[in-house]
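# Fold and geometry: a report
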Amino acid sequence: MTPIIRVEDIAKYDGQEVTVQGWVYNRTDKGKLVFLLVRDGTGFVQCVAFKGDMTEAIFDQLVRLPQESSLVITGLVRADRRAPGIPGGYEVGIKQVQMFQTASEDYPMALKEHGPDFALDHRHLWIRMPSQWAILRVRATVIAAIREWLDTNGYINMDTPILTPAACEGTTTLFETEYFDEGKAYLAQSGQLYNEANIMAFGKVYCFGPTFRAEKSKTRRHLTEFWMVEPEIAFCDLDQLMEVEEQLVTHIVKRVYRERMPELKSLERDLSWLEKIEPPFPRLSYDDATSKIQELYQAETDPEKKELLKFEWGMDFGSPHETALTNLYEKPVFVYGYPTQVKAFYMEPWPGRPEVCKSVDLLAPEGYGEIIGGSERMFDHDLLLQRIHEHDLPEQAFQWYLDLRKYGSVPHSGFGMGVERTVAWLCGIEHIREAIPYPRTIKRVYP
RNA sequence: UCCUCGCUAGCUCAAUUGGCAGAGCGGGCGGCUGUUAACCGCUAGGUUCGAGGUUCAAGUCCUCGGCGAGGAGCCA
């Protein structure tokens, strides 16, 4: 009885007879040789059949095997630098084959790039291709690394509701649903407000789950359903928050670099960027960021690009501004102290500068932009109530939230990190729709 | 919501000034003992997104509609 192995572990079995169970990703034949590129869920390995090693009937079956046929192969593992695959470098010399299913010959995915519409219509099959498979393996490791770091640093996982009674932050458009006799309910856009309650019971918490935005955003950085981790910390100010963020991000990058090297290489990721990720990250005030963008605006000669870089104090950064700014650095960069008017109602004012709040965004390098948004939350009950009125939010719905400032208010801070944007950055991919198994966009709920 | 671009074989794309509807991949058949998206020969495969219009002639030009893309705004 030969061991059933995982392809990702194949190097351990050099010279041994093993069994691989999987699917035929590609097949090519050359006379008396057949090469099958077999994927087993953990990797891709080349399996080679020589006509002289088996009956003619079995060899003929292998020659004609359609892509995606499912089978079990037993054979000898041997190192061969010509062998393609992930991790690659090893192949299996086929001795026995057991077929499960000969796949239909009309498999729609060609072994090449597809247009986005076709690829997304076939997302259930697209995820079998090495690029998508590698990205989603990185995603799983990013999620595992996030939980690992938080769980080992004193954070309690505290799930927050997905069905919520009212707008959490007021501004963005939410998905709406009927809720029995209680009127409307809304899909959560953040668990933050609940986490502010949770920290007053547990100290340090995080929620991790899907969040929903019904905004009609159509860009490579937006999904209507995406995953976000939101840590929240009692007795934490803005400076301490930035330290937490850079520790977490560094941990994620290091674990992905360590555990997903074959996947990153197959994605042709430029690893030198990831190797530079070490604390501390540069910290830039909004004021200084404004000056830098205005300098870049002055220096830009292309009139079209120049127009996009136009910026004055008080504006929120657009995508072109973020890109231009992050291109000045090799590491993620913190921008803190945004104007109060462009940020949410719950952020603590900057001491002595009420027009600025204690907010901080983390912008990823290489033009990836904002992956984290966070802030020190408002401490004072009366000021918070005033802000709720200024933003035309229903005071009734925020009664419980105001309570948190009545019964033992403390300085506290938290942030939200977008999983798909982080994965897209680490993988070096263009569009975040590839960083989630089944993307939901304004134009797509299938499959 | 606005701006821009696109839609041709199963897929990725070409088609000059408006002048015979094409290639590669994938499929089928045949060849080859080291292929790397193999290669070589043969072969099947079309409502050119839809409707109307201009023209001797429309994939190509015009009008309306549909679908998609990525950018703005907003955000992670």
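Definitions and cut-offs
Residues numbered from 1 in each chain as written. Chains lettered and ligands numbered in written order. Predicted model: local features only at pLDDT ≥ 70, side-chain atom pairs only at ≥ 80, totals over all residues. Heavy atoms only, no water. 1 Å grid on protein atoms, 1.4 Å probe; cavity = no way out; pocket = protein on both sides within 12 Å on 5 of 7 lines; lining within 4 Å. Points joined across faces, edges and corners; volume = space filled by probe spheres on them. Nonpolar A, V, L, I, M, F, W, Y, C, P; charged D, E, K, R; others polar. Helix = DSSP H or I, 4+ residues; strand = E, 2+ residues; numbered from the N terminus. Core = buried A, V, L, I, M, F, W, Y, C linked by side-chain atoms within 4.5 Å. Buried < 20%, exposed > 50% of the residue type's maximum accessible area, 1.4 Å probe, protein only. Contact = heavy atoms within 4.5 Å. Phe/Tyr/Trp six-rings, centres within 6.5 Å; stacked < 30°, edge-to-face > 60°. Near = heavy atom within 4 Å. Polar contact = N/O pair within 3.5 Å; in protein donor to acceptor, adjacent residues only side chain to side chain. Domains from an automatic or database assignment. Buried area = accessible area lost by both parts, 1.4 Å probe. Salt bridge = Lys/Arg side-chain N within 4 Å of Asp/Glu carboxyl O. Pairing = 2+ DSSP bridges. Axes fitted to C-alpha atoms, helices over the stretch in contact; angles between N-to-C directions.

## As for the layout of surface pockets
Approximately 1300 Å³ is the volume attributed to the largest pocket. Contributing to the lining of the largest pocket are 47 residues, with Thr172, Arg213, Lys343, Glu370 and Arg421 lying nearest its centre. In the lining of the largest pocket, the residues fall into 17 nonpolar, 17 polar and 13 charged. Together, 20 residues line the second largest pocket, and Glu113, Trp126, Ser131, Gln132 and Glu434 are the ones closest to its centre. Of all the elements in the fold, those that place two or more residues in the lining of the second largest pocket are α2 (116-121) and α4 (130-151).

## Points about the nonpolar core
Val142, Ile146, Val249, Ile252, Met417, Trp425 and Leu426 are the most contacted members of the largest nonpolar core, which totals 64 residues. When near neighbours in sequence (up to four residues on either side) are disregarded, Met417 contacts Ile146, Trp227, Met228, Val229, Leu248, Val249, Ile252, Ile371, Ile372 and Thr422. Among the nonpolar cores identified, the runner-up in size contains 22 residues, and Val7, Met54, Phe59 and Leu65 belong to it.

## Regarding the packing of aromatic side chains
Here the structure, examined in full by the defined rule, presents 19 aromatic pairs. Relative to Tyr155, the ring of Trp149 lies with its centre 5.9 Å away and its plane at 40 degrees, an arrangement referred to as tilted. The class for Trp149 is buried, based on a relative accessible area of 11%. By relative accessible area, which is 5% here, Tyr155 ends up buried. Of the aromatic side chains, those joined through ring pairs into one cluster are Tyr194, Phe345, Tyr346, Phe398, Trp400 and Tyr401.

## Some remarks on the protein's contact with RNA strand B
Lining the immediate surroundings of RNA strand B are 49 residues, of which Phe50, Lys112, Arg213, Arg220 and Arg421 lie closest. The contact atoms of RNA strand B, taken as those within 4 Å of the protein, divide so that sugar and phosphate hold 46%. With respect to RNA strand B, the side chain of Asp29 contributes an N or O atom lying 2.7 Å from a base nitrogen. A distance of 2.3 Å separates a sugar or linking oxygen of RNA strand B from a polar side-chain atom of Arg213.

## Things to note about the domain arrangement of chain A
Taken domain by domain, chain A consists of domain 1 (7-101) and domain 2 (124-282 + 329-435). A C-alpha centroid distance of 44 Å is found between domain 1 and domain 2. In this complex, domain 1 contributes 10 residues to the contact, which on the side of domain 2 involves 8 residues. Of the roughly 770 Å² buried where domain 1 meets domain 2, counting both sides, 62% is carbon and sulfur surface. Three residues, Tyr25, Phe44 and Ile86, lead the burial of domain 1 against domain 2; their summed loss comes to 53% of the area buried on that side. Between the two partners, domain 1 and domain 2, sit 2 salt bridges. The residue Arg137 makes a salt bridge to Glu8 at a minimum N-O spacing of 3.0 Å. Here domain 1 is connected to domain 2 by 4 residue pairs in polar contact (both at pLDDT 80 or more). Its residues assigned to classes, the side of domain 1 that touches domain 2 shows 4 nonpolar, 3 polar and 3 charged.

## Looking at the sheet that holds strand β9 (residues 176-178)
Read across the sheet, 3 strands follow the order β8-β10-β9 without closing on themselves; strand pairing throughout is antiparallel. At either end of the open sheet lies a strand with only one pairing partner, and these are β8 (163-164) and β9. With 2 bridges joining them, β8 and strand β10 (residues 184-187) adopt antiparallel strand pairing. Its bridge partner being in β10, Leu163 is matched across the sheet by Leu187.

## A short note on the environment of Leu383
In this structure, Leu383 sits in helix α12 (residues 381-390). Along the chain, Leu383 and Tyr297 lie 86 residues apart, while their C-alpha atoms are 37 Å from each other.

## Overview of the side chain of Thr326
For Thr326, the position within the fold is in helix α11 (residues 319-326). The exposure class assigned to Thr326 is buried, which follows from its relative accessible area of 1%. A polar side-chain atom of Thr326 sits 3.1 Å from the main-chain carbonyl oxygen of Thr323. Leaving out residues up to four positions away in the same chain, Thr326 has contacts with Val333, Leu363, Ala364, Pro365 and Gly367.

## Some details on the sheet that holds strand β19 (residues 412-418)
Read from one edge to the other, the open sheet built from 8 strands follows the order β7-β11-β12-β19-β18-β17-β14-β13, with strand pairing classed as mixed. Here the strands that pair on one side only, and so sit at the sheet edges, are β7 (156-157) and β13 (283-285). Pairing geometry for strand β17 (residues 359-364) and strand β18 (residues 369-376), over 6 bridges, is antiparallel. Along β18, the bridge assignment pairs Asp361 with Gly373. Each of β7, β11 (204-212), β12 (225-234) and β19 touches α4; the most contacted strand, β11, lies at about 155 degrees to it. On top of the sheet, α11 reaches β13, β14 (333-336), β17 and β18; it is set at about 70 degrees to β17, its chief contact.

## A closer look at helix α14 (residues 419-427)
Within α14, 8 of the 9 residues are buried, which leaves the element mostly enclosed by the surrounding structure. Buried within α14 are the following residues: Val419, Glu420, Thr422, Val423, Ala424, Trp425, Leu426 and Cys427. Following α14 by one or two positions, Gly428 has its phi on the positive side, about 70 degrees.

## Let's talk about the pattern of salt bridges
Across all of its chains, the model carries 31 salt bridges by this definition. For Glu430, the salt bridge is made with Arg220, and the minimal N-O distance between the two is 2.6 Å. Placement of the pair is Glu430 in the segment after α14 and Arg220 in the loop between β11 and β12, with a sequence separation of 210 residues. When salt bridges that share partners are traced, they join Arg6, Glu8, Asp9, Lys12, Arg137, Arg260 and Glu263 into one network.

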